[in-house]
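Now for the letters of each chain:
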Amino acid sequence: MPYLSKIALNPRRRAAVTLLSSPHRLHAAILSGLAVQPVTERVLWRLDSNTPHRAEILVLTDSRPSWAHLVDEAGWPGADGGDPLIADYTPLLNRLARGREFGFRLTVNPVQNLPRPSKPSEQQAARLKEGADNGSRHRGFRVAHRTAAQQIEWLLKRSERHGFNIPDATTTPPAPGLQTAGQELSAGPAVTIVSRDILRFRKHPDGPRVTLSTATFEGRLRVTDPDTLRASLLSGIGPAKGYGQGLLTLAPLRTTEADHG
């Protein structure tokens with residue numbers, strides 16, 4: 001039975017600062033909330049907000065977790081609003097039906113695979129040199145999409161394989177006489193990028209630096225294949241899932257803005 005959790009951290013506590021500064025450390029702290037170790041189940045998570053006053057993390061697990069260690073070390077133990085929320089995810093999965101629409105939120109690492117980057121990093125240059133020296137063929141290079149247009153196109157191209165599409169946004173009808181006859185007005189796909197970031201961190205103090213280009217999307221999706229979308233919700237979308245990428249969450253469409261979960 002999958003569970004979706006929301007955990008509030010206090011960014012003014014030293015332990016929270018340490019965790020929030022490194023997706024690698026935060027991922028390890030999240031895994032320690034599961035009783036069966038070592039963890040073999042798929043765990044997805046996302047940092048949903050990170051302000052000087054509050055940070056909220058969403059976590060999707062197969063088994064019921066305990067977040068007491070995170071609250072005690074980096075949250076507000078015993079305070080109103082400090083307890084984590086843990087909800088059974090099954091009812092939402094059961095509501096998926098072909099043609100039904102939901103609001104959604106998704107943070108991902110949009111990338112493409114290239115045989116040779118135009119501007120190779122230090123590590124990529126070393127791999128290219130090694131291949132040239134020993135005559136071996138190297139694997140392709142994973143290169144991030146950096147512009148907003150590229151990132152939205154990345155999502156649109158992959159939506160169908162994950163069991164949904166993104167319909168056109170609704171438009172306000174023009175005033176009489178302002179629309180040219182025969183022309184349809186469209187606001188484009190019902191999705192927008194609400195934040196973009198570049199994460200830089202090291203897994204180990206003396207290890208190579210990891211760089212991730214991320215984009216957070218919000219919008220409206222339509223279910224095209226309930227089983228495939230259900231699998232995508234549980235397994236995530238795109239790479240770097242261990243670093244807080246790929247968790248897709250849905251919310252019922254309402255006349256007012258709804259919380260995602």
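Residues numbered from 1 in each chain as written. Predicted model: local features only at pLDDT ≥ 70, side-chain atom pairs only at ≥ 80, totals over all residues. Heavy atoms only, no water.

(A) Seen up close, the sheet that holds strand β3 (residues 55–61). Pairing is antiparallel in the open sheet, where four strands are placed in the order β2-β3-β1-β4. Looking at strand neighbours, the two that pair on one side only are β2 (44–50) and β4 (85–88), the edges of this open sheet. Going from strand to strand, the sheet's axes swing by 15° on average, the running direction of each strand aside. The pairing of strand β1 (residues 3–9) with β3 spans seven bridges and is classified as antiparallel. Across the sheet, residue Ile7 finds its bridge partner in β3, namely Ile57. Each of β2 and β3 touches helix α2 (residues 23–31); the most contacted strand, β2, lies at about 120° to it. (Pairing = 2+ DSSP bridges. Helix = DSSP H or I, 4+ residues; strand = E, 2+ residues; numbered from the N terminus. Axes fitted to C-alpha atoms, helices over the stretch in contact; angles between N-to-C directions. Contact = heavy atoms within 4.5 Å.)

(B) A look at the pattern of salt bridges. Taken as a whole, this structure holds seven salt bridges when the rule is applied. Residue Asp48 is joined to Arg105 by a salt bridge in which the shortest nitrogen-to-oxygen separation is 3.2 Å. Note that Asp48 is positioned in strand β2 and Arg105 in strand β5 (residues 101–108), a separation of 57 residues in sequence. Salt-bridge contacts for Arg105 lead to Glu218; the nearest nitrogen and oxygen are separated by 2.1 Å. In this pair, Arg105 is assigned in strand β5 and Glu218 in strand β10 (residues 209–223), connecting sequence segments 113 residues apart. A single network of salt bridges, built from pairs that share partners, joins Arg46, Asp48, Arg105 and Glu218. (Salt bridge = Lys/Arg side-chain N within 4 Å of Asp/Glu carboxyl O.)

(C) Here's a closer look at a positive patch on the surface. Together, Arg146, Arg200, Arg202 and Arg209 make up a positively charged patch on the protein surface. Position of Arg202 among the secondary structure elements: in strand β9 (residues 191–202). (Patch = residues over 30% accessible without salt bridge, like charges linked within 9 Å, V, L, I, M, F, W, Y side chains within 5 Å. Areas by Shrake-Rupley, 256 points an atom, 1.4 Å probe, with all protein chains shown as cover. Lys, Arg positive; Asp, Glu negative; His and termini not counted. Charge placed at Lys NZ, Arg CZ, Asp CG, Glu CD.)

(D) Summary view of the nonpolar core. Counting 29 residues, the largest nonpolar core has Phe104, Leu155, Leu221, Leu229, Leu233, Leu248 and Leu250 as its most contacted members. For this core, the secondary-structure elements that each account for two or more residues are β3, α4 (90–94), β5, α6 (148–158), β9, β10, α7 (226–235) and β11 (248–252). Beyond its immediate chain neighbours, meaning those up to four positions away, Leu229 contacts Leu96, His162, Gly163, Phe164, Leu221, Val223, Leu248 and Leu250. By size, the runner-up hydrophobic cluster in this structure holds 17 residues, among which are Leu9, Leu34, Ile57 and Val59. (Core = buried A, V, L, I, M, F, W, Y, C linked by side-chain atoms within 4.5 Å. Buried < 20%, exposed > 50% of the residue type's maximum accessible area, 1.4 Å probe, protein only.)

(E) Here's a closer look at α7. Every buried residue belonging to α7 is among Pro226, Leu229, Ser232 and Leu233, and all of these are buried. The buried residues of α7 occupy an angular sector of 125° when the element is viewed end-on, so they sit on one face. Taken together, the buried residues of α7 touch β2, β3, α4, β8 (164–165), β10 and β11. Its side-chain oxygen 3.2 Å from the backbone nitrogen of Asp227, Asp225 forms the N-cap of α7. Among the residues trailing α7, Gly236 stands out with phi positive, at a value near 90°. (Arc of directions from axis to C-beta. Polar contact = N/O pair within 3.5 Å; in protein donor to acceptor, adjacent residues only side chain to side chain.)

(F) Just the pairing of β9, in detail. Pairing between β9 and β10: eleven bridges, direction antiparallel. In the strand pairing of β10, Phe201 is matched with Val210. Between β9 and β10, which pair antiparallel in sequence order, lie six residues.

(G) Summary view of the side chain of Ser213. Mapped onto the secondary structure, Ser213 falls in strand β10. Judged by relative accessible area, Ser213 falls into the buried class, the value being 6%. Those residues in contact with Ser213 that sit more than four places away from it in its chain are Val108, Asn109, Pro110, Ala144, His145, Arg146, Gln151, Asp197 and Ile198.

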